There are 2 protein chains.
Amino acid sequence: MSQHRPPGAPERPVAVPALPDLPEATVARLPEYLRALHNLAENGHETVSSEWLATAAGVNSAKLRKDLSHLGSYGTRGVGYDVALLIDQIEYVLGLTQRRSVALVGVGNLGHALAGYDGFATRGFRIAALFDADPVRVGEEINGLVVQHVDELSRVATEESIAIGVIATPAAAAQRVADRLVAGGVTSILNFAPCVLTVPDGVDVRKVDLAIELQILSFHEHRKASQTALPAAGEAALPPLPGNLAATNPQEAIGT
Amino acid sequence: MSQHRPPGAPERPVAVPALPDLPEATVARLPEYLRALHNLAENGHETVSSEWLATAAGVNSAKLRKDLSHLGSYGTRGVGYDVALLIDQIEYVLGLTQRRSVALVGVGNLGHALAGYDGFATRGFRIAALFDADPVRVGEEINGLVVQHVDELSRVATEESIAIGVIATPAAAAQRVADRLVAGGVTSILNFAPCVLTVPDGVDVRKVDLAIELQILSFHEHRKASQTALPAAGEAALPPLPGNLAATNPQEAIGT
DNA sequence: AAGCGCTTGTGAAGACACGCACAAATCGCG
DNA sequence: CGCGATTTGTGCGTGTCTTCACAAGCGCTT
Ligand SMILES: NC(=O)c1ccc[n+]([C@@H]2O[C@H](COP(=O)([O-])OP(=O)(O)OC[C@H]3O[C@@H](n4cnc5c(N)ncnc54)[C@H](O)[C@@H]3O)[C@@H](O)[C@H]2O)c1
Ligand SMILES: NC(=O)c1ccc[n+]([C@@H]2O[C@H](COP(=O)([O-])OP(=O)(O)OC[C@H]3O[C@@H](n4cnc5c(N)ncnc54)[C@H](O)[C@@H]3O)[C@@H](O)[C@H]2O)c1
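This structure is a prediction, so every number in the text was calculated from the model and none was measured.

1. Side note on the sheet that holds strand E3 (residues 100-105) of chain A
Spatial strand order, E5-E6-E4-E3-E7-E8-E9 (chain A): seven strands in an open sheet with mixed pairing. Two strands close off the open sheet at either side, each with one partner strand: strand E5 (141-142) and strand E9 (204-207) of chain A.

2. Topic: the protein's contact with DNA strand C
Taken together, 26 residues are adjacent to DNA strand C, and A:Ser50, A:Gly75, A:Arg77, A:Tyr81 and B:Lys66 come closest. A breakdown of the atoms of DNA strand C within 4 Å of the protein gives sugar and phosphate a share of 65%. At 2.5 Å, a side-chain N or O of A:Tyr81 approaches a phosphate oxygen of DNA strand C. Between DNA strand C and B:Asn60 there is a distance of 3.5 Å, counted from a phosphate oxygen to a side-chain nitrogen or oxygen. When residues of the surface near DNA strand C are traced back to their parent elements, those giving at least two are helix H3 (61-70) of chain A together with helix H1 (24-42) and helix H3 (61-70) of chain B. Sorting elements by how many residues they give to the surface near DNA strand C places H3(B) first, with four residues.

3. Here's the deal with the packing of H1(B) against helix H2 (residues 50-57) of chain B
Residues and elements named next belong to chain B. The contact between H1 and H2 brings their axes to 9 Å, and the two run at 110°. By the angle between their directions, the pair H1 and H2 is classed as roughly perpendicular. Classified by chirality, the crossing of H2 by H1 is right-handed. Of the residues in H2, those in contact with Glu32, Tyr33, Ala36, Leu37 and Leu40 of H1 are Trp52, Leu53, Ala56 and Ala57.

4. Remarks on the interface of chain A and chain B
By a frequent convention, interface size equals the accessible area lost on bringing the separate parts together. If you look at the interface, chain A gives 79 residues, while chain B gives 79 residues. For the pairing of chain A and chain B, the buried interface totals around 7,000 Å² over both sides, and the portion due to carbon and sulfur atoms is 64%. Linking chain A with chain B are eight salt bridges, by the criterion used here. The residue B:Lys224 makes a salt bridge to A:Asp204 at a minimum N-O spacing of 3.2 Å. Run the count over chain A and chain B and you get 36 residue pairs in polar contact (both at pLDDT 80 or more). The dominant element in the side of chain A that touches chain B, judged by the number of residues it contributes, is helix H9 (residues 210-229) of chain A, at 16 residues. When its residues are assigned to classes, the side of chain A that touches chain B shows 45 nonpolar, 18 polar and 16 charged.

5. Regarding the packing of H1(B) against H3(B)
Residue and element names in this part refer to chain B. Relative to each other, H1 and H3 sit at 105°, their axes nearing to 10 Å. Classed by the angle they form, the pair H1 and H3 counts as roughly perpendicular. Of the residues in H3, those touching H1 at Thr26, Arg29 and Tyr33 are Lys63, Leu64, Asp67, Leu68 and His70.

6. So, the site of ligand 2
The local shell around ligand 2 holds 24 residues, among which A:Tyr117, B:Asn109, B:Leu110, B:Asp132 and B:Thr169 are the closest. Chains contributing residues near ligand 2 are chains A and B. At 3.1 Å, a backbone N or O of A:Ala113 approaches an oxygen atom of ligand 2. Within the backbone of B:Thr169, a nitrogen or oxygen atom sits 2.7 Å from an oxygen atom of ligand 2. Taking 810 Å² as the accessible area of ligand 2 by itself, protein coverage stands at 81%. Contributions of two or more residues to the shell around ligand 2 are made by helix H5 (109-115) of chain A together with helix H5 (109-115) and helix H8 (171-183) of chain B. Top contributing element to the shell around ligand 2 by residue count: H8(B), with three residues.

7. A closer look at the relation of the copies chain A and chain B
Copies of the same chain, two in number, are related to each other by a rotation about an axis and a translation along it. Rotating chain A by 180° about the axis while translating it 0.0 Å along that axis superimposes it on chain B, leaving an RMSD of 0.1 Å. A rotation of that kind, with that shift, is consistent with a two-fold axis. Of the residues that chain A buries at the interface, 100% are likewise interface residues in chain B, meaning the two copies contact each other through the same surface.

8. Some remarks on helix H4 (residues 83-93) of chain A
Residues and elements named next belong to chain A. Taking burial as the measure, the 11 residues of H4 include 11 buried ones, the bulk of the element. Buried residues of H4: Val83, Ala84, Leu85, Leu86, Ile87, Asp88, Gln89, Ile90, Glu91, Tyr92 and Val93, and no others. Its side-chain oxygen at 3.2 Å from the backbone nitrogen of Ala84, Asp82 defines the N-terminal cap of H4. Two residues or fewer after H4 comes Gly95, characterised by a positive phi angle close to 75°.

9. Overview of the site of ligand 1
Ligand 1 sits among 24 residues. The nearest are A:Asn109, A:Leu110, A:Asp132, A:Thr169 and B:Tyr117. Around ligand 1 the close residues trace back to chains A and B. One of the backbone nitrogen or oxygen atoms of A:Asn109 is found 2.9 Å away from an oxygen atom of ligand 1. About the coverage of ligand 1: the protein hides 81% of its 820 Å² of free accessible area. For the shell around ligand 1, the secondary structure elements donating two or more residues are H5 and helix H8 (171-183) of chain A together with H5 of chain B. Here the element with the most residues in the shell around ligand 1 is H8(A); it accounts for three residues. Residues that form the shell around ligand 1 fall into these classes: 17 nonpolar, four polar and three charged.

10. Some thoughts on the pairing of strand E7 (residues 164-167) of chain B
All names here are of chain B. Here E7 shows two buried faces, one formed by Ile164 and Val166 and the other by Gly165 and Ile167. Where strand E3 (residues 100-105) and E7 come together, four bridges link them in parallel fashion. Bridge pairing in E7 links Val102 to Ile164. Inspection of the sheet shows E7 paired to strand E8 (residues 188-191) by four bridges, in the parallel sense. Note on E8: the bridge partner recorded for Gly165 is Ile189. In the classification by handedness, the crossover that spans E7, the intervening H8 and the parallel E8 is right-handed.

11. Re H8(B)
Since one α-helical turn is 3.6 residues long, residues separated by three or four positions face the same way. All names here are of chain B. The terminal C-alpha atoms of H8, which comprises 13 residues, lie 19 Å apart, in line with the 18 Å expected from a rise of 1.5 Å per residue. Within the span of H8, buried status applies to Ala174, Gln175, Val177, Ala178, Asp179, Leu181 and Val182. On the buried face of H8, the contacting elements are E3, helix H7 (153-159), E7 and E8. Directly after H8, the chain includes Gly185, whose backbone phi takes a positive value near 90°.

The rules we used
- Residues numbered from 1 in each chain as written.
- Chains lettered and ligands numbered in written order.
- Predicted model: local features only at pLDDT ≥ 70, side-chain atom pairs only at ≥ 80, totals over all residues.
- Heavy atoms only, no water.
- Pairing = 2+ DSSP bridges.
- Helix = DSSP H or I, 4+ residues; strand = E, 2+ residues; numbered from the N terminus.
- Near = heavy atom within 4 Å.
- Polar contact = N/O pair within 3.5 Å; in protein donor to acceptor, adjacent residues only side chain to side chain.
- Axes fitted to C-alpha atoms, helices over the stretch in contact; angles between N-to-C directions.
- Parallel < 35°, antiparallel > 145°, perpendicular 65-115°, else oblique.
- Left-handed = near helix turned anticlockwise from the far one by under 90°.
- Contact = heavy atoms within 4.5 Å.
- Buried area = accessible area lost by both parts, 1.4 Å probe.
- Salt bridge = Lys/Arg side-chain N within 4 Å of Asp/Glu carboxyl O.
- Nonpolar A, V, L, I, M, F, W, Y, C, P; charged D, E, K, R; others polar.
- Areas by Shrake-Rupley, 256 points an atom, 1.4 Å probe, with all protein chains shown as cover.
- Least-squares fit on C-alpha atoms with pLDDT ≥ 70 in both.
- Buried < 20%, exposed > 50% of the residue type's maximum accessible area, 1.4 Å probe, protein only.
- Right-handed = clockwise from strand over helix to strand, strands pointing away.
- Expected span 1.5 Å × (residues − 1).

What follows is the structure, given as structure tokens:
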């Protein structure tokens, strides 16, 4: 990716030297834009308007333009954004120009799925090491990597300069694993265990909790149900019909 | 749980009849409080202060109190909140008093892990049906459920009144699966495929994207690196040391 | 060279979320 | 019975996020 230089682009090869400090909400959306842009690039699009890209990413177009303006990215008025240039810019800002190494701890049900997931490799990351506490699992080879004992975690993380750790152990073990990751120099943690982690300043933790997502959905189910039940008790819920995609929808440019 | 009536509680057995419409940010935190409360209940706590619970859930205590005040929940000044009562209240508001049925579509790598996950059952949900398009997988039994063909999806979802669907198929298939879910009367979707779904009004979609989470972490890594590199080039990054838990930390009441 | 249509970038306003700080309420104790 | 210790519930200032709406800029056509 990012082979050709766009017509109206500035001289400098890639981007701003110092990182602007983006609003957190913007940072959370950039990866979504990036994915949509890669899809567009694969489909041969060279430029894209904010309207189009916004629809593809599922956001408001004004929001998208403001997000992009934050990283100083130049679109061209009357034309749109250069797809390849924008990919470069976003990848640079997100720090994806270097492939980052990830340690995965806990190779159980979920850990196995993660270890075999190709979405790591295709989106800028490399699983560099696997760890587990279960002696039965240690030594097992998954996807070309041998599972190591969690006691080795801090040493290996330090030696291989691993900066990101993924925790897929039971909740009871998660805090101790996090401590070991931190001791090994890891400064970013993605936690799948349903518990709160305590880490020193300077270490970022993000959490993915399936049950929480479902419970949020459950709340909205509950509210929808009580709303259609109460107001006049006469109106039925609107009949659910598929086929809601317009032919000219930007989405069609995406999943082939 | 929730056996005894708390001292100062109102006469009515459980909760407000009409749902207050909570701020979305509050809704997203309630499940976290709920999890912490269940931990406290298991450890024999009968009441809990906002300070304690807030720490256990990893939030500011004022925020927690405001969240709880939104759902009209009564704590007792000078004492705190009754754990069992609060669990009931939150479970009621989240609609967890009835166990909700979930359809899981796509029984591949990730789908298998999800199908075997006990966090569904323990937190208010029941996997009611599994679906896949691969003829080899159809008929396979997982955890007591037989995988059905995705062509049956709409029919089964309607018949079994399934309101929540989980998509764990490749991105290319996700939109079509979503359409079928909606046709089957599903009004809440949890999407693990890295793509944007288009659904009619009234249908809620939440998305979990591993790569996005990692890319957000990558951004912060990048920023940390450029910050410690630039300012005076003299200060080393603070040495990472574990063991940062104070003995009196509320967390200790949790993971046993 | 001028005009026209299209699209970006952004000012401003409104909506939302956060967290401090304190009054009000409750309990326990003397 | 009254008082002090404690903790809730919330008013309010502050900051962040979202969205609208439009001027400014660009390229194409005439
Ligand atoms: N399975 C899912 O679909 C799913 C979904 C969402 C969240 N989760 C969460 O992810 C975590 C893992 O789930 P799972 O289903 O894979 O569980 P699992 O029991 O199958 O796997 C856990 C693995 O962690 C290992 N482990 C235990 N203690 C360890 C330690 N101290 N150090 C290193 N490894 C250790 C175990 O040996 C095991 O291999 C749990 O916290 C679960 O709640 C799972
Ligand atoms: N594996 C992971 O750890 C992981 C992590 C995050 C996200 N994801 C995402 O989750 C999804 C599934 O990942 P995976 O690793 O399990 O992939 P997978 O290929 O192992 O499984 C996909 C399953 O979906 C089935 N399928 C395909 N088309 C279908 C259709 N139209 N209807 C029903 N079923 C269909 C396939 O037969 C297969 O069993 C992907 O979108 C992936 O990007 C996976």
